[in-house]
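Structure at a glance
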Amino acid sequence: MTENKTPKESVTLTDNSSGKSIELPLLAGTIGPRVMDCRSLYSQTGHFTYDPGYTSTGSCRSAITYIDGDEGVLLHRGYAIDELAEHSDFPEVAYLILKGELPNAEQKTKFIKDITYHSMLNEQISFFYRGFRRDSHPMAVICGVVGAMAAFYHDSTDINDPHQRMVASYRLIAKMPTVVAWAYKYSLGQPFLYPQNDLSYAGNFLRMMFATPCEDYKVSPVLEKAMDRILILHADHEQNASTSTVRLAGSSGANPFACIAAGIASLWGPAHGGANEAVLQMLGQIGSVDRIPEFIKKAKDPNDSFRLMGFGHRVYKNYDPRAKIMQQTCHEVLNELGIKDEPLLKLAVELERIALEDEYFVSRKLFPNVDFYSGIIFRAMGIPTQVFTCLFALARTVGWIAQWNEMLADSEQKIGRPRQLYVGSAPRKFVPMGKRA
Ligand code: CMC
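Let us look at the structure shown here. (Residues numbered from 1 in each chain as written. Predicted model: local features only at pLDDT ≥ 70, side-chain atom pairs only at ≥ 80, totals over all residues. Heavy atoms only, no water.)

Structural notes on the pattern of salt bridges
Considering all chains together, one arrives at 18 salt bridges under this definition. Between D37 and R39 there is a salt bridge whose closest N-O contact spans 2.8 Å. Take D37: its relative accessible area is 14%, and that puts it in the buried class. For R39, a relative accessible area of 56% puts it in the exposed group. Here D155 makes a salt bridge to R171, at a shortest N to O gap of 2.8 Å. Taken together, the residues span a long stretch of sequence, with D155 in the loop between α6 (138-152) and α7 (162-188) and R171 in helix α7 at a distance of 16 residues. (Salt bridge = Lys/Arg side-chain N within 4 Å of Asp/Glu carboxyl O. Buried < 20%, exposed > 50% of the residue type's maximum accessible area, 1.4 Å probe, protein only. Helix = DSSP H or I, 4+ residues; strand = E, 2+ residues; numbered from the N terminus.)

Written as C-alpha cells, this is what we have:
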C-alpha cells in the first residue's frame, strides 16, 4: 500500500467555543482525494465526527479497488474494469482481486484447479436446504446456507491461521455457484446437480442452474461469456454497504462464513444489490412506454417514496462504467437468444433516454447503474427475478473475501465501533409503576 508516511500537509481545526486549535494530518493514497486523519480528534478535543451514511468517511486503507465517481473510473488493483471485462475472465479477475497481481499461466491453472477442487458442497448441506420452505426467497436461503457453512467447514474458521483463511476463501469462491444453483433448484422442486469441474466457472454455474438429471444443458459460449463478464463487473466495488458489513462483522474476529453471510444480508436491500430485482419489478409496474412520464413524475415528487430503480449511485456522479459494458452485453445476449423487440428492453432504453434528458436527473447526476441492465440480461437467460441478487452475491464473494483478508492483515485494524450523537432523554429518576402517566 502506498501512502505518504510523513504527511507534510495538515488541516487546522479551531474549536470556536474553547478557542483551541488542533492540527490533523492529511494522508495521501496512490491516487484519489487525500484523507484527513481524525483518529486523534476525540483525544485532543473531546468531540466525535458526525457522518450518517459515512458520506465523508474513509473507514480503512485498501489496495484492492479504486473508484473515481466524478470521472466514472473503476480500477481493480490498478487495471481498468473495461480492459478486464474485455481481455480477462472471472477466475483471473478473482485471482487479481484476491492476490494483487494478474496470474501467469501456471498460477492461473493452479488457481482454477484449486477453486474447482472445492466446488462440491458437503452432502449434509443438501439436507440443510430441505429445512427451508420451497417458496423461500433464494437470498434468505443462501444467507442461511453460507452462514451454516461454518458448522460444516470448521477446519477453516481459525482466522489467525493464514492457511485456514486461504482455504476458507477458496471454499467460498468455489462453492458459491453450487450454493446459488441449489437454492434455485430447491425452489423448483428439482434435484440438485453436482458441479462438473471440466466446465468453466460461469459454464458450470449455468449447467447447475439449467440442466436436470434427465436432460443435459449445452452451455452456449455467448451466454457463458456474458455470465463471466457479469461476474467480473460485480466482483468488487470498494467500501460499499455489504463490503463494509463484511469488514465490520470480521473486525470482531467472526469466522469468514459468518462474515460473508452478513454481507449477503446487507446486499439483499433494494438500495444495494436488491436493485436488479427491483428494476424488473419497476419495469413490469410501468408496463408500457406511454406510462413512463407518469413514473418519472412520481420519482421526482419529494412526497412520493418511489425512486427509479437502477438509477443513481452514492459514488458515481457520472455514467457507471459497469453499466456501459452491461448495456453492450445485454444486446449480445438478446441477439444470441434471438430476442428481438423485447418489450422490457424497449421500455428500459426509453426510460433511460427520457431520464438522461430530464433536468431533475441531470442536475442530480443520476445515471443508470450496473443493476439497470443486468436484470434484463438475467431475465433473457431464463433466470428468475428472485435469483438476480443471488448472482450479485456469487460474484461479490471474491471482493468480500479479499477485503476481509486485507482487513485481517492490516496492523491498524481494530474492532469497528462507531460512536453516536445521543438525542435521547437526559438522566432522570426511575418512576414507580403507580406514579406513571
Ligand atoms: N430516483 C429518483 N431520485 C433519486 C434517485 C432515484 N433512483 N436516486 C437519488 N435520487 C435523488 C434523491 O431523492 C435526492 O434528491 P434531493 O437532493 O432532491 O433530495 C438526490 O437524488 C440524492 O439522493 P441521495 O438519496 O442523497 O443519494 P444516495 O447517495 O444516498 O443514494 C442510491 C444512492 C443508490 C441509494 C440511490 O440513488 C437509489 O436509491 N437508487 C435506486 C436504487 C438503486 O438502483 N441501487 C443500486 C445502486 S448500484 C449497485 C449497488 O451498489 O448495489
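So, next bit.
Some points on helix α15 (residues 343-357)
The end-to-end C-alpha distance of α15 is 21 Å, a good match for the 21 Å that 15 residues give at a rise of 1.5 Å each. Of all the positions in α15, only L344, L345, L347, A348, L351, E352 and A355 are classed as buried. For α15, the angular spread of buried residues about the axis comes to 155 degrees, placing them on one side. Turned more than 90 degrees away from the buried face of α15, the exposed residues are P343 and E357. Packing partners of the buried residues in α15 comprise α12 (275-286), α13 (292-300), α14 (321-336), α16 (359-363) and α17 (370-381). (Expected span 1.5 Å × (residues − 1). Arc of directions from axis to C-beta. Contact = heavy atoms within 4.5 Å.)

Section: the site of the ligand
Every one of the 20 residues lining the ligand counts as a neighbour, but H272, R307, L308, G310 and R314 are closest to it. At 3.1 Å from a nitrogen atom of the ligand is found a main-chain nitrogen or oxygen belonging to A271. (Near = heavy atom within 4 Å. Polar contact = N/O pair within 3.5 Å; in protein donor to acceptor, adjacent residues only side chain to side chain.)

Some points on α6
For an α-helix, the turn length of 3.6 residues means that residues three or four places apart are oriented alike. An ideal rise of 1.5 Å per residue puts 21 Å on 15 residues; α6 measures up with 20 Å between its terminal C-alpha atoms. By the burial criterion, the buried members of α6 are P138, M139, V141, I142, V145, V146, A148, M149 and A150. As for α6, its buried residues are in contact with α5 (123-129), α7, α11 (256-267) and α18 (388-409).

Here we look at unusual backbone geometry
For residues besides glycine, phi is generally negative; the peptide bonds are generally trans as well. Backbone geometry at Y54 places phi at a positive 50 degrees, although glycine is not the residue there. Of note, the phi angle at E238 is positive, near 60 degrees, even though the residue is not glycine. Along the polypeptide, E238 turns up in the loop between α9 (221-233) and α10 (241-251).

Description of the pairing of strand β4 (residues 65-68)
Judged by which residues are buried, β4 turns out to be one-sided: T65 and I67 face inward and are buried, whereas Y66 and D68, on the alternate face, are not. Note that β4 and strand β5 (residues 73-76) share 4 bridges and pair antiparallel. When the sheet's bridge partners are listed, Y66 is paired in β5 with L75. Remark: 4 residues form the turn of the hairpin made by β4 and β5, two consecutive strands paired antiparallel; G72 in that turn has positive phi of roughly 70 degrees. (Pairing = 2+ DSSP bridges.)

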